[in-house]
Amino acid sequence: MNPGAEAKVYFVGAGPGDPELLTVKAHSLIGRGDVILHDDLVSAPIISLAGTNARVVNVGKRCGAKAITQEEINRLMISFAQRGMDVVRLKGGDPSIFGRLGEEITALADAGIAFEVVPGITAAVAAAARLATPLTDRRSSSKILIVSGHRACGTERGGEKEWAKLIAEDTTLVVYMPGSDLSGLSRRLIEAGTSPEIPSIVVSNVSAPQEQQLMTTLDGLFCAPVNASPSILLIGWALRGAKAHEFIENEFCRVPVY
Ligand SMILES: C[S@@+](CC[C@H](N)C(=O)[O-])C[C@H]1O[C@@H](n2cnc3c(N)ncnc32)[C@H](O)[C@@H]1O
């Protein structure tokens, strides 16, 4: 990419999927990279921005179903860079949020490879924008807690007791990888002391044509249909004025009243 310059690995945030939400720098690097190593969640329209001579490799892992191991990804980045090729390590959303960035940086640093991190719009922020809602609000929420549900892969983390304490008052809880058991998550949060009435929103495929938004209360999540993947769950009073496409309403679930 830069004749005469040392090859570099660029960790680039691809945002939630819509190419218009790429930063100018991300757009430019994707078009100029010699090698694009992208995660599964990076959308096809964004991958299509790669140069015609670029080598494009899907190194994605979903739910631990590893077509390729983390060590192999590290080795690929290092070996391409050592051959003088600029590598774009393209990650969904922002590379610093649940993106294994720390491990990959350590591998590059150990190998003496130069790198740079280019931020992207993370799913939570993109979802808030689509819902026209703030994540903090000085009237109700002064903190954001970002956690990983990790239930999509059937692994139990059980962090809800901790989260419940934190969101009791003025925190917006953002659950990445919430999995399909939203009713279980909701039940555990309520048992741990969270108000059943707190606004709760699931957004799937944020910014893509197939985006889905479902707004309810925490206890309304009992009735939420299985969410499409990828999806993100937002819980908090700051969301009370959100404009979602769909509301849950049935005889067993509470209906949000605003
Ligand atoms: C491994 S994490 C990567 C997060 C990413 N680095 C970010 O900043 O958005 C993957 C999870 O992010 C969330 N996610 C990423 N892109 C999304 C999208 N377009 N719509 C909804 N959720 C998304 C989902 O919870 C998904 O399971």
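A brief look at the structure comes next. If you're wondering where the values come from, they're calculated on a predicted model, not measured in any experiment.

Calculation criteria
- Residues numbered from 1 in each chain as written.
- Predicted model: local features only at pLDDT ≥ 70, side-chain atom pairs only at ≥ 80, totals over all residues.
- Heavy atoms only, no water.
- Helix = DSSP H or I, 4+ residues; strand = E, 2+ residues; numbered from the N terminus.
- Buried < 20%, exposed > 50% of the residue type's maximum accessible area, 1.4 Å probe, protein only.
- Polar contact = N/O pair within 3.5 Å; in protein donor to acceptor, adjacent residues only side chain to side chain.
- Salt bridge = Lys/Arg side-chain N within 4 Å of Asp/Glu carboxyl O.

Bringing the environment of Tyr176 into the picture now. Looking at the element boundaries, Tyr176 is found in strand β9 (residues 171-176). Looking at Tyr176, the relative accessible area reads 10%, which means it is buried. A sequence separation of 52 residues divides Tyr176 from Ala124, and the C-alpha atoms of the two residues are 8.1 Å apart. A polar contact of 2.5 Å, which involves the side chain of Tyr176, links it to the side chain of Thr122.

A few words now on the pattern of salt bridges. Applying the stated criterion across every chain yields a total of ten salt bridges. Here Lys25 ties to Glu116 by a salt bridge, and the two come within 2.6 Å at their closest N and O atoms. Of this pair, Lys25 sits in helix α1 (residues 24-32) while Glu116 sits in strand β7 (residues 114-118); the two residues are 91 residues apart in sequence, bridging distant segments of the chain. Note on Lys25: relative accessible area 43%, which makes it partly exposed. A single salt-bridge network, built from bridges that share partners, covers Asp39, Arg89, Lys91 and Glu104.

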